[in-house]
Each structure stands twice: as C-alpha cells, then as structure tokens.
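Report on the structure
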Number of protein chains: 4
Amino acid sequence: MSKENATEDNSRRMELVRAAARLFRDQGYERTTVRDLGNAVGLQSGSLFYHFRTKEEILVAVMALGITATTEQLAAALSRAKTPRDKLAALFHVHLHSLLGDNQAALEVMLYEWRSVSATAKPGLIVLRDRYEALWQETLDEAAAAGLVKPDTRLLRRTLLGSLHWTVQWYHGNGELSVAELADRMLELTLIA
Amino acid sequence: MSKENATEDNSRRMELVRAAARLFRDQGYERTTVRDLGNAVGLQSGSLFYHFRTKEEILVAVMALGITATTEQLAAALSRAKTPRDKLAALFHVHLHSLLGDNQAALEVMLYEWRSVSATAKPGLIVLRDRYEALWQETLDEAAAAGLVKPDTRLLRRTLLGSLHWTVQWYHGNGELSVAELADRMLELTLIA
Amino acid sequence: MSKENATEDNSRRMELVRAAARLFRDQGYERTTVRDLGNAVGLQSGSLFYHFRTKEEILVAVMALGITATTEQLAAALSRAKTPRDKLAALFHVHLHSLLGDNQAALEVMLYEWRSVSATAKPGLIVLRDRYEALWQETLDEAAAAGLVKPDTRLLRRTLLGSLHWTVQWYHGNGELSVAELADRMLELTLIA
Amino acid sequence: MSKENATEDNSRRMELVRAAARLFRDQGYERTTVRDLGNAVGLQSGSLFYHFRTKEEILVAVMALGITATTEQLAAALSRAKTPRDKLAALFHVHLHSLLGDNQAALEVMLYEWRSVSATAKPGLIVLRDRYEALWQETLDEAAAAGLVKPDTRLLRRTLLGSLHWTVQWYHGNGELSVAELADRMLELTLIA
DNA sequence: TATGAATGAGTCTTCATTCAT
DNA sequence: GATGAATGAAGACTCATTCAT
C-alpha cells in the first residue's frame, strides 16, 4: 500500500525493477551500470535516483520481487492441491517455473547476487526467504508423514532447493525437456521407492 | 612440470593463487582489488602483473586449481574404494571436503564466479569440469546397476551436484554436524529404500 | 549543426579541443595526461569522459578541427583571389598562417601526432586531408598552365607541403621575418625564373 | 675511441641501437617499451641498463647514429663529385637514401622524436645536425654562385630539407619510382629554368 | 654481464552519485 | 520528476628502473 512498496503501484518503479532483474541476471549486478539500467527504461542515469536512493536498493527490490512473487505462487498452488503428493509436486513445479520460465529473472538474481547485498538489507530479505522455505518445510513434513519421502526433511529441504537452484546452470529449454517434465522427473527422483 | 602449469612449482604463483582463492570466495571476484591480492602476499599491486597478465588470469588459475585438485582427490578415493557403495560414498565425501574443508576456497570460486570468466577462458575450464563430472557419471552408473540409486543417472548427477554445491550457503561447521556426517546423511537421502 | 560535429556548438567540447590542441603541440600527445587536459579547462580528469569517450577521440577532434578550419580558410581565400598568381600565393599564406599563427596549434598536431591515431580513425581524417590537398592540386595545375611553376605538379605539391610543414621546426616569429613575408619568399623560390 | 662512443665497438650496443632505430620509427619512442627493446636483441629488459643508463640514452644514440652516418656519407659523396651540379645532386641522393633506404630508420627517428629528447641531450645532437647542414649550406652556396639555384640559399636549405624529410610520409617504394629517380626529380624542381 | 623479481609512481578509464536548472 | 553535466574516488594495468643473486 505504501509508496515504498516495490511490488505494486508506481509503474515506473516496477518497470525498472523488471528491467533490472533481467540485466542483473544476464550481466551480473556489479557489471551492470546505472547507465545500463537507465537505458533499459529510457531514463538518464541521474534520474534513477528519484526512484531509488542507491543502486543496491534496486537490487534489493529485485530480490524481494523474486521471492515474494514465488511465495505467492506457491501458496496459491498449495491451496489448490488436494493430496500430499500433489502438494509435493507443486513445490517442484512452482520453483522451476519461477526460475526457468520466461522473464523470471528476479529469483535467479536472489540466488547469485546475495553477496552484493549489504548487511543492513539482508535481514529483511531473509524474512521473505524464510517465509518461502516455511511453506516447503510444512509440505515436506506432510509428505514424510504420508511416507512419500524420507523423514530427514530439514536436510531434504536444503538438498532439494540446492538441486532446483542448480538447474539454471544447465537447463536451457532447447526442446528436449519442458520445465514441467523436468519438475516431474526431479520429483520422481525424490520419492521413496 | 611445465612453466604454464599453475597448479605446481613456482611458489610465488601458487601462494598468490591460494590467497586469491580465499579473497575471491570471501569478497567476490569483482570486489577484490588487485591491491587486496598484492597485500595478501606482500607485493605491490603492480608486481602481480609480473606473474599474471590480468586479474582474470588469476581467477582462471584459482578455478583450475579448485577443480583439478578435487578431481585428483576423487580419483584417488575411487581407486581405494572396493564396492559400488564405497565409491558412491566417496563422491559425497570428497566433494564436501573440498568445498567445505579448511582453506578449500578454490572450488567454491569456480561455482560462484563463473560469470566473470571470459568466453575465451571458459572452454579450458569446461574440459576440466567435464573430467570431474565423468568420474561422477561412471560411479553413479555403477551404483544404479547395483540397485543402489535410481536409474535416471544423468539427472541424478546434476541433482546431486546441485545439492552439494548449495551446502556452502547454509553449512557452517558449528559443531552440530561434521562434514563427514553431512556427507553420510546426504548419501542416505540418495539411496533407494 | 549535428551533435557529433566537434567543430561547432557545444562550447565545452570546443573549449577542450582548443586547449588540447595547445597541450598536444607543446608536450606531445603521449606526454599529455588527461589530468593536464582537465586542468586546462577546470575539470576533473574523469569528467572529460562525459564529453569524449577516449583520449584518442580528443586527438582526432583536434586534428579534424585543424584541417577543416584550414581548408575553409583556403577555400575562402581562393574564391577571393583573381589571378592564378594570386591563388598560388594564397596557398602559402593560408598554410603558414594556420601553422604558425597565434593559437593555431591544431594543424601542427595533425602533422606530428599522426602515429598516435588508431587505424580506425585514420580514414576519416584522410578524407579531410585529401579535400585540402585537392584545393592545392587544382591551384597548382592552374599555375602550371599559366607558366608560373614547373609542370610536375603532383610532386611539386608534396614538395611544397613538406617545405611548409617543416617551418614549425625552425620559424619562431622573433621579429626578423613576419609570417606573410616568409610566405612571399617561399613563393618566390617556387616561381619559375 | 672511448667506451661511450655509440658508433663503434661494443657490438651489443650497436645491435641494440639498430634494433631501437627500427622500433622507434615503427611504433614511436613513447610506445616502444624497454621490454620491446630487450626482446628485439634477446635480452631481459633489466639487462639493457648495463648498456645504457636510461631509455632516453638509447634514443640519443639512435639519433646520433642517424645523423653522423648520413653526414659521413654526404661528405664522401661530395668529395667524389666534380661539378657544383654533381654536388647538388649528391645532397638529394644521399639524403633520400638515408631516409628511405633499407633499414635506415635512424635518421627518421631524429626527425620525428625530437620532442622526446631532454633539454640536456639536445645541444650535443644539435652540434651534429649543424655539421650536416653546414655541408648543405656550402654546397648550395656554390650552386647559387654557379647560377644553378636561386640565391636565397638559407631559406632554400630549409625549404629543401623540409621537402626531403616529408617524403617519408608519402613515399613507399612500390615500384613506380626508385629512390634515385625521386632524387633526380626533386633536384629538377629545384633547378632554375 | 645477465636474470628474474619487484617497485612505485603514473596512466586512462569507470561509475555511483549529486545537483543546479 | 527529469536532465545534463560534473564529481571524485577507485579500478586495472603499464613501465622505466633497481637490485640481489
């Protein structure tokens, strides 16, 4: 609701955040200049500073967008799912679509530019990330109770997230395998038996 | 033996590469200045360029060291192992010790600074990486044949490497769990039944 | 009129080009630092790069200014001149005034810093130079037809330009001989009989 | 005779001076590094400093070589020539062969790197140059007395030297015209009638 | 003489940020 | 909000020169 909320209103801000997400993913945060950012939205570099106080603030906004959007999508998918098995599947599908789908650069930036976030900004992002991971933990616990996955769910959560994050390094949707198929096969590897 | 081999002789070079590994891991490649590198080995920044032509050449040397050292350790461990199960375990143990053990920063740099490597230097590193992953593939294939893991070994390889790489983001040897124990538990999650 | 035209408008650019002309002439291009250039116009060295992309771009602008300004002056003088003899005289007068007159450093830079121009920038400057030399060639041909000079006008053109260029090495307007008188005496040496 | 005489003995010194002449001509003095110089004679850069105290000393040696060698050649040619006309021709031939002939880079360096010579080294070189120009002056005076050239010989000397110097900018022995022919045609332009 | 390693001052250039208009 | 111009600190890299061996 507030003016400071990067995830809504203020179309110029959002336009910038989306453009930044793509640039940060493609070139890296450090290698992306404030001029690049300006060019991408038709603004002079100096003008950006009426929307964001610093370049890092843009980075944080990108990350916040990535994680909150994904969290929202996961929450929605989980509430649609009926069985523990369907919910488990939702974890894989939502995460991979967010990471590998079209212009979904924001989440990837969160993974690979973490080191560029200042100590003061980290706590806020960690809260958002924990919210996302809490959904994972609940779902995995249910799945374990249902005998679908092994019971070491805390380690399993970290293991699976690592696997999924890593897909950006090798998956390039060149026909062979759709994102949905990939999600199914990764789910398959996780299931007991 | 060759003068061009960054992984041996030439003590000054090696000293620098090791110091660079730690700095690149801790601060990131972009944020590490050549002055930082010089200070770390007691040299003026300009003097580095007697040993390396560019800063990027140092990065490449770090990565080459990380991957070749790990490959050698894995090869040695595999040749010591008797059973498919022991070999499988070696994958987890060697990888995690290389990644999380003391001053083993080099491999981590390989994972997180890939984007800073120029297009011309990438192919050489990819060759080294493929050599490492080939050992993984062989071992996983044997394990699958022995009924230890699921048969989708190509995806399994990527999945497992992703899981292991990701440990650097959350594992900080604070007592609770040793690296060896972690390796065992991650192996456990992977085994069928 | 165009933004890219270094020879007009954009007063800061022109101011810089003029200051650079003098510095490049006096100290040489290589020995002139961007700090020197900045100081000369009251700017930080980094600020120059808002106006020019590289130091070499400044050099090229200086040269372009030198040759185009001289060409324009020659064209004007030739159109004012009535006889072949008067036109011939204009060649000497305009060239020497451009080269030896007050703050006319730009043309001299063109002569003595040619080696510092990159291969990509040379063609553009050569076009400008050829335009200037074409005026010379026409005028010499007319003079030869009128029996004023020897008929080997292509070699004559090169010979005369060499003579005139060289004056910067020995002429220092210390009273004895004005630039106009020098021009007249050099013309005299060229005339038949 | 002395150890400091760059024009004789000490083959390593001479080898270096000759190599330097070519490099300085081709790349310019400022752009030629001491490493380039070392490479050209199979020496490490540091080793050069056992032969010359500074890089500039090498430049001065190159220039001294260029001008003294040319002076000697001119003196020899003049003593062989019988008539004023033959002597006049010798000026053109010797100068152009020295400037444009094979590996005769040294004289050209003298013309184009003068600005890089320190104030302390200039007087010595000027003495050498004056010796050369004195031969020119004498010869031109004789020629004027014989009615071969116009009587303004001081200006004529400068004019002719400028013309000849400039040839390096446009003459590239591509068949059409030999150096000897060029000398003859330039002489022709200078003669009265 | 020669080398290999190091120095240290200096170079051009980059870039996030500021600010008067 | 937006611009264009400027800042100033920092960056990687260069290079003549030195010197212990």
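Residues numbered from 1 in each chain as written. Chains lettered and ligands numbered in written order. Predicted model: local features only at pLDDT ≥ 70, side-chain atom pairs only at ≥ 80, totals over all residues. Heavy atoms only, no water.

1. Some words on the arrangement of the chains
Applied cut-off: Whether two residues are in contact is decided by their heavy atoms: any pair within 4.5 Å suffices.
At no point do chain B and chain C touch; the closest pair of C-alpha atoms across them sits 20 Å apart. The two partners chain A and chain D share no contact, and the minimum distance between any of their C-alpha atoms is 31 Å.

2. Focus on the UniProt feature "domain: HTH tetR-type" (unreviewed entry) in chain A
So the rule is basically this: UniProt positions are given in the numbering used here, feature names are shortened, and annotations may be inferred rather than shown by experiment. The secondary structure listing takes helices from DSSP runs of H or I that are at least 4 residues long and strands from runs of E that are at least 2 residues long, numbered from the N terminus.
The positions UniProt marks with the feature "domain: HTH tetR-type" (unreviewed entry) are residues 10-70 of chain A. Counting secondary structure, residues 10-70 of chain A comes out at 67% helix and 0% strand; the distance between its end C-alpha atoms is 21 Å.

3. Notes on the UniProt feature "DNA-binding region" (unreviewed entry) in chain A
On the UniProt side, "DNA-binding region" (unreviewed entry) is annotated at positions that read residues 33-52 of chain A here. Measuring from the first to the last C-alpha atom of residues 33-52 of chain A gives 14 Å, for a span that is 40% helix and 0% strand.

4. A closer look at the interface of chain A and chain B
Just so we agree on the cut-off: Two parts lose some accessible area (1.4 Å probe) when they are put together, and adding that loss for both gives the buried area. Definition used for salt bridges: Asp or Glu carboxyl oxygen within 4 Å of a side-chain nitrogen of Lys or Arg. Any pair of N or O atoms that falls within 3.5 Å is considered a polar contact. Within protein, one atom must be able to donate a hydrogen and the other to accept it, and sequence-neighbouring residues count only if both atoms are side-chain atoms. Following the grouping adopted for this structure description, the nonpolar residues are Ala, Val, Leu, Ile, Met, Phe, Trp, Tyr, Cys and Pro, the charged ones are Asp, Glu, Lys and Arg, and the polar ones are all others, Gly among them.
At the junction of the two partners, chain A supplies 31 residues and chain B supplies 30 residues. Taken together, the two surfaces of chain A and chain B that pack against each other cover about 2,900 Å², and 58% of this comes from carbon and sulfur. Linking chain A with chain B are six salt bridges. Of the charged contacts, one joins E30(A) and R31(B) as a salt bridge, the two residues approaching to 2.4 Å between their closest N and O atoms. Linking chain A to chain B there are 17 residue pairs in polar contact (both at pLDDT 80 or more). Of all the secondary-structure elements, those providing two or more residues to the side of chain A that touches chain B are α1 (11-27), α5 (105-112), α7 (153-170) and α8 (179-190) of chain A. The biggest single contributor to the side of chain A that touches chain B is α7(A), with nine residues. Across the side of chain A that touches chain B, the residue classes tally to 12 nonpolar, eight polar and 11 charged.

5. Some remarks on the relation of the copies chain A and chain B
This is how it is decided: A least-squares superposition brings the copies together, and it is based on the C-alpha atoms of residues with pLDDT no lower than 70 in both.
When chain A is fitted to chain B, the best match, at an RMSD of 0.1 Å, comes from turning it 180° and sliding it 0.0 Å along the axis. Here the symmetry operator amounts to a two-fold rotation axis. Mapped onto chain B, 97% of the interface residues of chain A are again interface residues, and the two copies thus contact each other with one and the same surface.

6. Some thoughts on the protein's contact with DNA strand F
Counted only if it meets this: Nearness of a residue to a molecule or strand requires only that one of the residue's heavy atoms be within 4 Å of it.
Among the 30 residues in the neighbourhood of DNA strand F, the closest are listed as Y50(A), R12(C), Y50(C), H51(C) and V34(D). Note that a phosphate oxygen of DNA strand F is positioned 3.4 Å from one of the backbone N or O atoms of T32(B). The side chain of Y50(C) places a nitrogen or oxygen atom 2.7 Å from a phosphate oxygen of DNA strand F. Its residues assigned to classes, the surface near DNA strand F comprises nine nonpolar, 17 polar and four charged.

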